[in-house]
Amino acid sequence: MSHLVELEKVDLQLGYIPLLDCVALLWAKQRGYFEDVGLNISLVKEASWASLRDRLAFGLLDAAHCLSAMLPAAAVGADQIGIPLQTPLVLSENRAFISLSQKLCYELDIHQHDPVEVSAHKLVQKIKAHQTLSLAHVFQHSIHHYCLREWLALADADLAHSMDVKTLAPPYMVEALDTHLIDGFCVGEPWNTQAEVFGLSHIVCSSQEIIPNVADKVLAVTQEWAQQHPNTLIALTSAVLRAQKELKEIKDFSPVWRLLVEFDIIQFNCSPEVHVEKYFKIQNIIRNFIQIDAKPKTKDFEWLFQQMQKWQTPQPTQRPELDLAQDCLLLETYQNAISFNSNI
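I will try to describe carefully the structure that is included in this document. Everything quoted here is computed from the prediction, not taken from an experiment.

### A look at the packing of aromatic side chains
Working step 1: Within this structure, the stated rule accounts for six aromatic pairs.
Working step 2: Measuring from centroid to centroid gives 6.3 Å for Tyr16 and Phe263, while their planes differ by 75 degrees, and the two rings are edge-to-face. Highlighted residues: Tyr16 in strand E1 (residues 11-16) and Phe263 in the loop between helix H13 (254-262) and helix H14 (276-287), separated in sequence by 247 residues.
Working step 3: Owing to a relative accessible area of 4%, Tyr16 belongs among the buried residues under this scheme.
Working step 4: Members of the aromatic cluster, joined through ring pairs, are Phe253, Trp257, Tyr279 and Phe280.
Working step 5: Looking at Lys281, its charged tip hangs above the ring of Phe97, at a distance of 4.6 Å from the centre.

### Some thoughts on the sheet that holds strand E4 (residues 85-93)
Working step 1: With mixed pairing, the five strands of this open sheet are ordered in space as E2-E1-E3-E10-E4. Looking at which strands have only one partner, the edges of the open sheet turn out to be strand E2 (40-45) and E4. When the angles between neighbouring strand axes are averaged without regard to direction, this sheet yields 25 degrees.
Working step 2: Here six bridges tie E1 to E2, and the two strands are oriented parallel to one another. Note on E2: the bridge partner recorded for Tyr16 is Lys45.

The rules behind each value
- Residues numbered from 1 in each chain as written.
- Predicted model: local features only at pLDDT ≥ 70, side-chain atom pairs only at ≥ 80, totals over all residues.
- Heavy atoms only, no water.
- Phe/Tyr/Trp six-rings, centres within 6.5 Å; stacked < 30°, edge-to-face > 60°.
- Helix = DSSP H or I, 4+ residues; strand = E, 2+ residues; numbered from the N terminus.
- Buried < 20%, exposed > 50% of the residue type's maximum accessible area, 1.4 Å probe, protein only.
- Lys NZ or Arg CZ within 6 Å of the ring centre and 35° of its normal.
- Pairing = 2+ DSSP bridges.
- Axes fitted to C-alpha atoms, helices over the stretch in contact; angles between N-to-C directions.

What is shown is where atoms sit, not what they do.
Here you go:
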């Protein structure tokens with residue numbers, strides 16, 4: 001591609017948060033796929049979703065591994081910044097988990113195979129008994145936040161709206177649980193598995209049991225950047241898409257695992273010989289981040305927008321609804337993203 005069209009920019013800063021679903025970016029770099037399309041990529045690990053969003057919005061990053069819900073939030077200015085974002089590619093769909101401390105699971109008789117309504121009811125009953133509990137998610141505008149609220153709402157909708165939940169960057173979840181800052185969290189992998197391996201928590205349910213199969217992480221740029229660098233964005237997206245396809249079909253997973261260890265995403269002993277089930281679970285997650293194709297879908301972002309309105313605090317009845325013009329801006333954001341992806 002780089003030999004056929006002129007790229008507007010070749011030296012790019014690509015941001016990511018250490019989670020399994022940034023793996024296609026790491027793999028594209030490792031395998032030389034960015035170089036193949038004429039790009040010189042610097043991978044930039046960010047400390048939190050807030051810092052990543054801000055650095056992307058203000059041009060310190062060219063592109064980034066982003067939470068899908070950041071896009072509707074940016075489209076309507078709910079992120080307090082209001083710089084529109086665009087995505088050509090979904091990196092993962094609905095792969096979050098809710099974990100609770102082992103102590104809490106034992107005390108409440110919560111088991112891994114409990115129906116989601118049952119585990120939610122057991123937890124809510126403890127909260128209603130005026131027992132102080134602290135839960136965390138990764139960011140206000142995320143499927144993790146919405147999943148946690150929807151899970152609580154299975155037992156008590158009012159409590160789901162009123163309960164205060166903490167926001168913590170994914171890499172800090174395990175430490176926060178270990179130091180008793182929180183009692184549970186909703187986060188993507190591998191942090192749920194790490195907490196289990198360390199003997200701190202149990203995964204009690206999956207987001208797939210609670211919310212629809214929607215985009216979780218996306219490759220994002222600002223709309224202005226996309227307009228100024230159309231050929232570069234196509235090249236960038238094609239390289240990541242190539243990595244995604246290879247990761248889905250790769251037979252020898254060990255190089256992928258070594259890469260995750262090298263980037264400190266996997267920080268625990270796990271292999272085909274040790275914690276075997278967890279090793280193959282992580283392998284299966286990476287192979288199936290996307291069910292069908294990686295094109296952004298308008299219906300996903302409509303759902304995210306509805307969730308953003310539903311779980312805003314204070315409750316929606318206490319704030320004016322977003323108007324039709326803002327709704328249209330959101331849909332335009334996603335329609336642009338879909339039409340762009342079709343060029344690749």
